[in-house]
Amino acid sequence: MQETTIYGFRPILEAIANEKTIDKVFIQKGLQGDLFKDLFIKVRHHKIPFQYVPVEKLNKMTRGNHQGVIAFLSAIEYQSIFDIVPTVFELGRNPFILILDKITDVRNIGAIARSAECAGVDAIVLPLKGGAQLNDDAVKSSCGALLKVPVCRHSNLVEVINFLKDSGIELVAVYEKAKNMYYNKDFTQPVAIIMGNEYEGIAWDYLRECNDSIKIPMVGTIDSLNVSVATGIVLFEVVKQRIEN
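Description of the structure in this document. Note that residues are indexed from 1 along each chain, following the sequence as it is written. Local features in this predicted model are restricted to residues whose pLDDT is 70 or higher, and side-chain atom pairs enter the listing and the counts only when it is 80 or higher, whereas totals over whole chains, interfaces and linings include all residues. Based on all heavy atoms of the structure, the side-chain values leave hydrogens and waters out of the count.

Before going further, it helps to examine unusual backbone geometry. Notably, Glu19 is not glycine yet its phi reads approximately 60 degrees, a positive angle. For Glu19, the location among the structural elements is in the loop between helix 1 (9–17) and strand 2 (22–28). The backbone phi angle of Lys47 is positive, close to 55 degrees, even though this residue is not glycine. If you trace the backbone, Lys47 turns up in the loop between helix 2 (34–45) and strand 3 (50–53). Throughout this description, buried means an accessible area under 20% of the type-specific maximum (1.4 Å probe, protein chains only), exposed means over 50%, and partly exposed covers the range between. Accessibility expressed as a relative area gives 53% for Lys47, which makes it exposed. Helix numbers and strand numbers start at the N terminus; a helix is a DSSP run of H or I with at least 4 residues, a strand a run of E with at least 2.

This is the structure:
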């Protein structure tokens, strides 16, 4: 049982009331009653990710009296990209943003965050739903980088993308079908890099909003890189160009 796990209606309701950052709530299928209704209203109001699951799954998570609900507290405090970008500009820097579209593997998230911190990324943006839980394992995998790089979690990434473009930040997708090689791209200006998940790549809704797309050349028989490796390659191309500029 990790310290970041809580269960039962009243402890979870208290966590919400005290503005604790909740990563996800698991709710037993078919659950009813006033406490459930109260919890569900608050979960929806605060846009907390939730999932209906069989009671057997909850029983595997804890032997305690979970009452049909288990929540995972986030190991980090999320920030807002809408606050970070103006601050970066005010400091006289070219924003360097990383957007991750539903990366599901905790170890990949950790490795990416570690590379992002080393590369000087100003913020990592994640979707509210669909990605890996940023729990203690993720923080450990990142060697603490997730506690150093601002992490933003938003329900509408299209809105985030449009905000970044309106702010003068170029959106660049790392996409295997792109025509341009990553090392031919000018990264000396404000930029946001978008990486897709391990299986489906970047969602079309985000891809079509990008200003440009790039790819990493491949000469082997395997047609894709691990997402954390691919991210590291592109991030440090940005670093290289900005140091040389």
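A word on the nonpolar core. We define the nonpolar core as a collection of buried residues of types Ala, Val, Leu, Ile, Met, Phe, Trp, Tyr and Cys that are connected through side-chain atoms lying within 4.5 Å of one another. In this structure, Leu98, Leu100, Ile124, Leu134, Leu146 and Ile193 are the most contacted members of the largest nonpolar core, which totals 37 residues. When residues in this core are grouped by element, the largest group, 6 residues, is from helix 9 (residues 227–244). In this analysis, two residues are considered to be in contact whenever any of their non-hydrogen atoms come within 4.5 Å of each other. Residue contacts for Leu98: discarding those within four places in its chain leaves Ile112, Ala116, Val121, Ala123, Ile124, Val125, Ile193, Met195, Thr231 and Leu235.

On to helix 5 (residues 106–119). The length a helix should cover is 1.5 Å for every residue beyond the first. With 14 residues, helix 5 should cover 20 Å at 1.5 Å per step; its first-to-last C-alpha distance of 20 Å lies within 8% of that length. The elements touched by buried residues of helix 5 are strand 5 (96–100), strand 6 (123–127), helix 6 (136–141) and helix 9. Whenever two N or O atoms come within 3.5 Å, that pair is a polar contact, provided that in protein one can donate a hydrogen and the other can accept it, and provided that, for residues adjacent in sequence, both atoms are side-chain atoms. Where helix 5 begins, the side chain of Asp105 points an oxygen toward the backbone nitrogen of Arg107, at a separation of 2.8 Å. Directly after helix 5, the chain includes Gly120, whose backbone phi takes a positive value near 80 degrees.

This part covers the sheet that holds strand 3. Strand-to-strand pairing in sheets goes through backbone hydrogen bonds, with the strands running parallel or antiparallel. Pairing in this open sheet of 4 strands is mixed, and the strands run 1-4-2-3 from one edge to the other. Strands with a single pairing partner mark the edges of an open sheet, and in this sheet they are strand 1 (5–7) and strand 3. If you compare each strand with its neighbour and ignore which way they point, the axes differ by 20 degrees on average. Note that strand 2 and strand 4 (residues 69–73) share 5 bridges and pair antiparallel. By the bridge assignment for strand 4, Ile22 is matched with Leu73. Being paired, for any two strands, means DSSP has found at least two bridges between them. Axes here refer to lines fitted to C-alpha atoms; in helices the fit is confined to the stretch in contact. Angles between the N-to-C directions go from 0 to 180 degrees.

So, on to the layout of surface pockets. Any empty space left between the atoms is revealed when a probe the size of a water molecule rolls over them. In this structure, the largest pocket spans a volume of roughly 660 Å³. In this analysis the probe radius is 1.4 Å and the grid spacing 1 Å, with only protein atoms considered; a cavity is a set of points the probe fits into but cannot get out of, a pocket is an open set with protein on both sides within 12 Å along at least five of seven lines, and lining residues have an atom within 4 Å of a point. If you go around the largest pocket, you meet 25 residues; those closest to its centre are Glu176, Asp223, Ser224, Leu225 and Ala230. Residue composition of the lining of the largest pocket, grouped by class: 13 nonpolar, 6 polar and 6 charged. In this structure, the second largest pocket encloses a volume near 410 Å³. Lining the second largest pocket are 16 residues, and of these Lys20, Thr21, Ile22, His46 and Arg153 lie nearest its centre. Any residue outside Ala, Val, Leu, Ile, Met, Phe, Trp, Tyr, Cys, Pro, Asp, Glu, Lys and Arg is labelled polar, Gly included; the first ten of those are nonpolar and the last four are charged. Residues of the lining of the second largest pocket, tallied by class, amount to 5 nonpolar, 6 polar and 5 charged. Grid points are joined across faces, edges and corners, and a volume is the space filled by probe spheres set on the points.

Moving on to helix 1. Of all the positions in helix 1, only Phe9, Ile12, Leu13, Ala15 and Ile16 are classed as buried. The arc that holds the buried residues of helix 1, viewed along the axis, is 155 degrees, so those residues lie on one side. Counted as exposed and oriented over 90 degrees from the buried face of helix 1: Arg10, Glu14 and Ala17. Contact partners of the buried residues in helix 1: strand 1, strand 2, helix 2 and strand 4. Of the residues one or two after helix 1, Glu19 is the one with positive phi, at around 60 degrees. Here, the arc refers to the directions that run from the helix axis to the C-beta atoms.

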